[in-house]
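# Overview (structure and organization)
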Number of protein chains: 2
Amino acid sequence: MTTDLIIRNVRPLGGAPTDLFIRDGRFVEAAAPKGTDAIDAGGQIALPGLVEAHTHLDKTLIGTDWYRNEVGPTRNDRILADRRAKRELGIDARRQSARQIMQTLPFGVTHIRTHVDVDTEIGIANVQGLVATRAAFAGLVDVQIVAFPQSGMLVRPGTLALMEEALKAGADIVGGIDPASIDRDPVRHLDAIFALADRHSKPIDIHLHEPGELGAFCLELIIERTRALGLQGRVMASHAYCLGTLDAKRQGTLIDALATENIAVMTVGSPSAPALPLKLLRQSGVIVASGSDGIQGTWEPWGSGDMLERAKFLAQRNGMTADADLEAAVEVCTFGGASGIELHDYGLAPGCHGDLVLVAAQTLAEAVALTPHERTVIRGGRILVRNGQLSEDLPHVD
Amino acid sequence: MTTDLIIRNVRPLGGAPTDLFIRDGRFVEAAAPKGTDAIDAGGQIALPGLVEAHTHLDKTLIGTDWYRNEVGPTRNDRILADRRAKRELGIDARRQSARQIMQTLPFGVTHIRTHVDVDTEIGIANVQGLVATRAAFAGLVDVQIVAFPQSGMLVRPGTLALMEEALKAGADIVGGIDPASIDRDPVRHLDAIFALADRHSKPIDIHLHEPGELGAFCLELIIERTRALGLQGRVMASHAYCLGTLDAKRQGTLIDALATENIAVMTVGSPSAPALPLKLLRQSGVIVASGSDGIQGTWEPWGSGDMLERAKFLAQRNGMTADADLEAAVEVCTFGGASGIELHDYGLAPGCHGDLVLVAAQTLAEAVALTPHERTVIRGGRILVRNGQLSEDLPHVD
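These numbers were taken from a predicted model, which means no experiment stands behind them.

Superposition of chain B onto chain A requires a rotation of 180° combined with a translation of 0.0 Å along the rotation axis, giving an RMSD of 0.0 Å. Such a combination of rotation and displacement between the chain copies is what one expects of a two-fold axis. Residue B:Pro271 of chain B places its C-alpha closer to the rotation axis than any other residue of that unit, at 2.5 Å. A share of 100% of the interface residues of chain B reappears at the interface of chain A, consistent with the copies meeting face to face through the same patch.

What follows is the structure, given as structure tokens:
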């Protein structure tokens, strides 16, 4: 499915204009032979394919009737509403996930890690739906599936066995959620998911909304288990709001430990949740990834899924306006995400996979600030989106 | 310049489908005579023209080369960078303000209050530029001009006299800024601007970024002067971040006093500034308006100026996701803004000015969440924008 392609007059990461050559699906330094297919980028900026490191493809309501949100304010209200909606609206994870992928592909989102609900009501049906979607988009958009115990794991006996079943059915990553405030037993929760990951040689990605010192304690437990099992580079703490509320000394100690154990942090930059110290995390050597979280579902009614817009939100939440900071925010949504979800050969350098998105902007910072649409998206030399228009030979989505 | 017009199959504020009739520039209940011009809204939602209650039309860099932002983190860094840019880039307030108006008109923004810099370097040149723009858009987009001492007033002798000159040149409102942290003397600053407003029978709109108890003290001084001079209904506190950081009791006392003196509050919902208690303010009877603040300038590189998107930002900053809360956020960006900036006969009821924007959405909450473009904007029965396309007979903007 790969095509050799020259992209002329393109500015990688906003730098000087050059030509890029994709051969056999990868960027190469060699000169392209005469007659190779070429497109003129007209001086547009090239970014590597954008990385969506945290979303919930099985939960989006894109394309359905408007869901009237009358959900209460607590996380538990939302979990209950979410489970009720799954039952009553008959949300089809396969169809809905494909819809979100097709919505975000024109933005240049080519790599997605999605948490997928596993619980004692739906079992692993959503994971199976996602496995089907992943197959349908193979080679176009890469999908990583996290077996996610949204409704709790220990508090819902049977869930852990279902998570193991999900892994056997094709899930790539072991999920977890608030080991104290939702699952009521941080040590047993973490022991269980780390043991599961260890047994199946899978990474871990845990939702950690726990506030303040409770969150810090859970993070310490995660750090200890990552070290003990030698899982450095394979664990992601998603949200980790506690890092945004501790005093500087406590925060610094935890961040250093995350860096030492190579535990990645995923932050959405939500306007209503504590802001993570983006600069400090990166300067301390912690891998920072980002994601859209839920898009147009029962949890939140909005969301485009554009990871370049997400870079803007990250900057805005952190009060950053300088060009250099906006460039750093783009890194989070590209290279940071790629490291965080363990992509290999990612980037625009020779030898990397030939994936890129073209954005019309004078500078990288302008691309973040104005998030121009009508992008061109190329995967392994194949043009999937041209000036915002999806190619006609993409999978049919109902 | 008004036209009689029937808008068929339209859903005012998301309600049941009906027809609206605009005659002599206002909505009327009477049946329209045969042959009256009509458009079919196709079931779209009608909102009254969106109200931009706080922006800086003279500062936007829309349409200019990318401004590389290397500005330091403090408010003073930004004020200095802003003044330097005015000098070095030769920003033309008349042209730039017209550009922003034309950018936001397709969103349905028909009423704008803009703060306009007055200082000892540029004098009242920007106010004069805005007076020209206001005239060019008369009857299309209403512009209110605040004489704004961005660089300080008492700390820059001569500024107060320039503000008075600005009023004589056509400014509508007396501005002010951080009477303590920038102008270094809260009582004299406030005494001066209240006296100026009183002398010219003008409203007051003051930027109040002062944090915590310092802000609360300044707010008390504003409340006292509003009461003493009988300026109820004519004073707006813009930003008023302190309201987002006080303890509940202190916050409640101040909010009650704002309600009693009918002082409006303007909040942008910035993700990096303290969040104002939107629900509590409104429940307590305080008029809440909103605005975009600066758009694409030296202060911040982004901003669309879409006040429906702003409703989304307000909801997001307050952690609101329920439909009822999103509907309240729309009210802030329409009726709240209209009250806050003293518009009369505003709304979709008979007798009100015949201004509206049509939005394609199933519900008001969906309009907020997805902020559909391709809107239709009608002013006094005249169609200024049809499905996102500007009418050809609008003023030429260079």
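Okay, the pairing of strand β6 (residues 50-55) of chain A next. Residue and element names in this part refer to chain A. Most of β6 is tucked away, with six of its six residues classed as buried. Both β6 and strand β7 (residues 109-117) contribute to a ladder of four bridges, which runs parallel. Bridge pairing in β7 places Val51 opposite His111.

What follows is about the UniProt feature "domain: Amidohydrolase" (unreviewed entry) in chain A. Annotation from UniProt places "domain: Amidohydrolase" (unreviewed entry) at residues 38-384 of chain A. Between the C-alpha atoms that bound residues 38-384 of chain A there is a distance of 15 Å. The span itself is 40% helix and 17% strand.

Here we come to unusual backbone geometry. Unlike most non-glycine residues, A:Asn9 shows phi in positive territory, near 50°. You can call A:Asn9 partly exposed: its relative accessible area is 31%. Residue B:Asp178 is not a glycine yet carries a positive backbone phi of 20°. In this fold, B:Asp178 is placed in the loop between β9 (173-177) and α5 (186-200).

With that out of the way, let us pick up the sheet that holds strand β12 (residues 264-266) of chain A. Residues and elements named next belong to chain A. Pairing in this open sheet of eight strands is parallel, and the strands run β6-β7-β8-β9-β10-β11-β12-β13 from one edge to the other. On the outer flanks of this sheet lie β6 and β13 (288-289), each paired with one strand and no other. Of the strand pairs in this sheet, β7 and strand β8 (residues 142-148) are connected by seven bridges, and their pairing is parallel. Bridging across to β8, His111 finds its partner in Asp142. Contacts from helix α5 (residues 186-200) reach β9 (173-177), β10 (204-208) and β11 (235-239) within the one sheet, and its direction differs from that of β9 by about 175°.

Below, the discussion takes up the packing of helix α6 (residues 212-229) of chain A against helix α7 (residues 248-260) of chain A. All names here are of chain A. It is at 10 Å that the axes of α6 and α7 come closest, and there the two elements cross at 25°. Taken together, α6 and α7 sit at an angle that is classed as roughly parallel. The way α6 lies across α7 gives a crossing that is left-handed. Of the residues in α7, those touching α6 at Glu213, Ala216, Phe217, Leu219, Glu220 and Ile223 are Arg250, Leu254, Ala257 and Leu258. Its residues assigned to classes, the contact of α6 with α7 shows seven nonpolar, no polar and three charged.

All names here are of chain A. End to end, α6 covers 26 Å across 18 residues, agreeing with the expected 26 Å (1.5 Å per residue, within 8%). Every buried residue belonging to α6 is among Gly212, Gly215, Ala216, Cys218, Leu219, Leu221, Ile222, Ile223, Arg225 and Thr226, and all of these are buried. Just downstream of α6 lies Gly230, where phi reads positive at about 65°.

What follows covers the interface of chain B and chain A. Accessible area lost upon the coming together of the parts is a frequently used measure of interface size. Facing the 33 residues of chain B at the interface are 33 residues of chain A. Around 2,800 Å² of area is buried between chain B and chain A when both sides are counted, 56% of it from carbon and sulfur atoms. For the chain B face of the interface with chain A, the top three residues by lost area are B:Trp66, B:Trp302 and B:Thr321, together amounting to 29%. Taken together, the connections running from chain B to chain A amount to four salt bridges. B:Arg68 is the partner of A:Glu327 in a salt bridge, and the nearest nitrogen-oxygen pair spans 3.4 Å. One can count 14 residue pairs in polar contact (both at pLDDT 80 or more) joining chain B with chain A. The class makeup of the residues in the side of chain B that touches chain A is 14 nonpolar, 10 polar and nine charged.

Let us now look at the environment of B:Gln283. Residues and elements named next belong to chain B. As for its position among the elements, Gln283 is in helix α8 (residues 278-283). Of the residues examined, Gln283 reaches a relative accessible area of 65% and is grouped as exposed. For the pair Gln283 and His353, spaced 70 residues apart in sequence, the C-alpha separation works out to 27 Å.

Before going further, it helps to examine the packing of α5(A) against α6(A). All names here are of chain A. Across the interface, α5 lies against α6 with an axial gap of 10 Å and an inter-helix angle of 30°. One finds that α5 runs roughly parallel with respect to α6. In this structure, α5 crosses over α6, and the sense of that crossing is right-handed. Along its contact with α5, which presents Pro186, Val187, Leu190, Asp191, Phe194 and Asp198, the element α6 presents Phe217, Cys218, Leu221, Ile222, Arg225, Thr226 and Leu229. Taken together, the residues of the contact of α5 with α6 break down into nine nonpolar, one polar and three charged.

As a further point, take the pairing of strand β1 (residues 5-12) of chain B. All names here are of chain B. Pairing between β1 and strand β2 (residues 18-23): four bridges, direction antiparallel. Its bridge partner being in β2, Ile6 is matched across the sheet by Phe21. The turn linking β1 back onto β2 is made up of five residues, and Leu13 within it adopts a positive phi angle of 55°. Both β1 and strand β4 (residues 38-40) contribute to a ladder of three bridges, which runs parallel. Counted as the bridge partner of Ile7 is Ile39 from β4.

Residues and elements named next belong to chain A. For chain A, the domain assignment lists domain 1 (5-48 + 348-390) and domain 2 (50-340). A C-alpha centroid distance of 29 Å is found between domain 1 and domain 2. Of the residues lining the interface, 22 residues belong to domain 1; the matching set on domain 2 comes to 23 residues. Carbon and sulfur atoms make up 72% of the surface buried where domain 1 meets domain 2, a total of about 1,900 Å² over both sides. When the area that domain 1 buries against domain 2 is broken down by residue, the three leading residues are Val368, Arg375 and Arg379, summing to 31%. Counting across the interface, domain 1 meets domain 2 through two salt bridges. Salt-bridge contacts for Asp306 lead to Arg375; the nearest nitrogen and oxygen are separated by 2.8 Å.

This part takes up the pattern of salt bridges. Within the structure shown, the criterion is met by 58 salt bridges over all chains. The closest approach of N and O atoms between B:Arg94 and B:Asp92, which form a salt bridge, is 3.8 Å. Note that B:Arg225 and B:Glu224 form a salt bridge whose closest N and O atoms lie 3.7 Å from each other. For B:Arg225, a relative accessible area of 15% gives the class buried. Overlapping salt bridges bring together A:Lys59, A:Asp82, A:Lys86, A:Asp117 and A:Asp119 as one network.

Conventions we followed
Residues numbered from 1 in each chain as written. Chains lettered and ligands numbered in written order. Predicted model: local features only at pLDDT ≥ 70, side-chain atom pairs only at ≥ 80, totals over all residues. Heavy atoms only, no water. Least-squares fit on C-alpha atoms with pLDDT ≥ 70 in both. Contact = heavy atoms within 4.5 Å. Buried < 20%, exposed > 50% of the residue type's maximum accessible area, 1.4 Å probe, protein only. Helix = DSSP H or I, 4+ residues; strand = E, 2+ residues; numbered from the N terminus. Pairing = 2+ DSSP bridges. UniProt positions renumbered as here; feature names shortened; annotations may be inferred. Axes fitted to C-alpha atoms, helices over the stretch in contact; angles between N-to-C directions. Parallel < 35°, antiparallel > 145°, perpendicular 65-115°, else oblique. Left-handed = near helix turned anticlockwise from the far one by under 90°. Nonpolar A, V, L, I, M, F, W, Y, C, P; charged D, E, K, R; others polar. Expected span 1.5 Å × (residues − 1). Buried area = accessible area lost by both parts, 1.4 Å probe. Salt bridge = Lys/Arg side-chain N within 4 Å of Asp/Glu carboxyl O. Polar contact = N/O pair within 3.5 Å; in protein donor to acceptor, adjacent residues only side chain to side chain. Domains from an automatic or database assignment.

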